[in-house]
Amino acid sequence: MTNPVTENRRHFEDLALGEVIDLGHTKVSKAMIITFATEFDPFPFHLDEAAAKASLLGGLAASGWQTGGLTLRMLVDSFLSTIASAGGLGFSDLKWKNPVMVDDTIGGTVTIADLRRSESHPQWGIATLDFDVRNQKGAPVLSMRLANLVDTRTPGVTA
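Notes on the structure in this doc start here. Residues take numbers from 1 onward in each chain, read along the sequence in its written order. Local features are withheld for residues below a pLDDT of 70 in this predicted model, meaning they are given only at 70 or higher, and side-chain atom pairs are given and counted only at 80 or more; totals for whole chains, interfaces and linings count all residues. Based on all heavy atoms of the structure, the side-chain values leave hydrogens and waters out of the count.

**Section: the side chain of H46**
One can find H46 in helix α2 (residues 44-47). Here, two residues are considered to be in contact whenever any of their heavy atoms come within 4.5 Å of each other. Filtering out sequence-adjacent residues up to four positions away, H46 remains in contact with I33, I34, A37, D41, L60, A61, A62 and S63. Put simply, DSSP marks the helices as runs of H or I at least four residues long and the strands as runs of E at least two long, and each gets a number from the N terminus on.

**Notes on helix α4 (residues 64-78)**
Taking 1.5 Å of rise per residue, 15 residues should cover 21 Å, and α4 covers 21 Å from first to last C-alpha, within 8% of that figure. Listed in full, the buried residues belonging to α4 are G64, Q66, T67, G68, L70, T71, M74 and L75. Buried-residue contacts for α4 involve β1 (20-27), α1 (30-40), β2 (85-96), β3 (105-117), β4 (124-134) and β5 (140-151). If you check the start of α4, you find a side-chain oxygen 3.1 Å away from the backbone N of W65, and it comes from S63. Expected span of a helix: the number of residues minus one, times 1.5 Å. Using a 1.4 Å probe on the protein chains alone, a residue whose accessible area is under 20% of its type maximum counts as buried, one over 50% counts as exposed, and one in between counts as partly exposed. Think of a polar contact as two N or O atoms within 3.5 Å of one another; within protein, one of them needs to be a possible hydrogen donor and the other a possible acceptor, and neighboring residues in sequence only count if both atoms come from side chains.

**Things to note about the environment of D114**
Here D114 lies in strand β3. Separated by 98 residues in sequence, D114 and A16 have C-alpha atoms that sit 8.9 Å apart.

**Remarks on the sheet that holds β1**
Two strands pair if DSSP finds at least two bridges between them. Strands sit in the order β1-β3-β4-β5-β2 across an open sheet of five strands; the sheet is antiparallel. Lying at the two open borders of the sheet, with one neighbouring strand each, are β1 and β2. Taken pair by pair, the neighbouring strands of this sheet meet at an average axis angle of 25 degrees, ignoring direction. With seven bridges joining them, β1 and β3 adopt antiparallel strand pairing. Bridging across to β3, H25 finds its partner in G107. Inter-axis angles, ranging from 0 to 180 degrees, are taken between N-to-C directions of lines fitted to C-alpha atoms, where helices are fitted over the stretch in contact.

**Some points on the nonpolar core**
We call a set of buried Ala, Val, Leu, Ile, Met, Phe, Trp, Tyr and Cys residues a nonpolar core when their side-chain atoms join them within 4.5 Å. If you look at the biggest cluster of nonpolar residues, it comprises 28 residues, and the most contacted ones within it are L75, F79, I106, L129 and F131. Listing elements by their share of this core, those giving two or more residues are β1, α4, β3, β4 and β5. Take this core: its biggest share by element is five residues, from β5. Beyond its immediate stretch of four places on either side in the chain, I106 contacts G24, H25, T26, V28, T67, L70, M74, V100, V133, R134, N135 and V141.

Structure follows, in structure tokens:
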């Protein structure tokens, strides 16, 4: 049965191993950092400029979780909203490599690192995505691996 929400999107069979997705870019403002930190990660180096300057980060920096959230938003905008995504299965190997500072612009790429059919649920494939997120200077700020379920067009066919 075809899902009317995703029928015109790319399905598992349309994805290619090694395909590279451009995430686009987003600028991280002081207000964004403080707003997120106030609600979700209230450490002084995310909230207070003087405390942040005295910290090992050397200035007001975004929470790593905020960087992850912004990265997910870029992924949805550039890729997940164009495929028959059925949801995430989880992530591994998350690394915050450098802090995201006030007025940094982050962006990067996602590479399809693995594609396999679900053995127990043949209506889905699993796409494994490797992230490389960097700031405007090219310094890495986040890497991780994410597994995502993707609807198949032909559930009974094995690849």
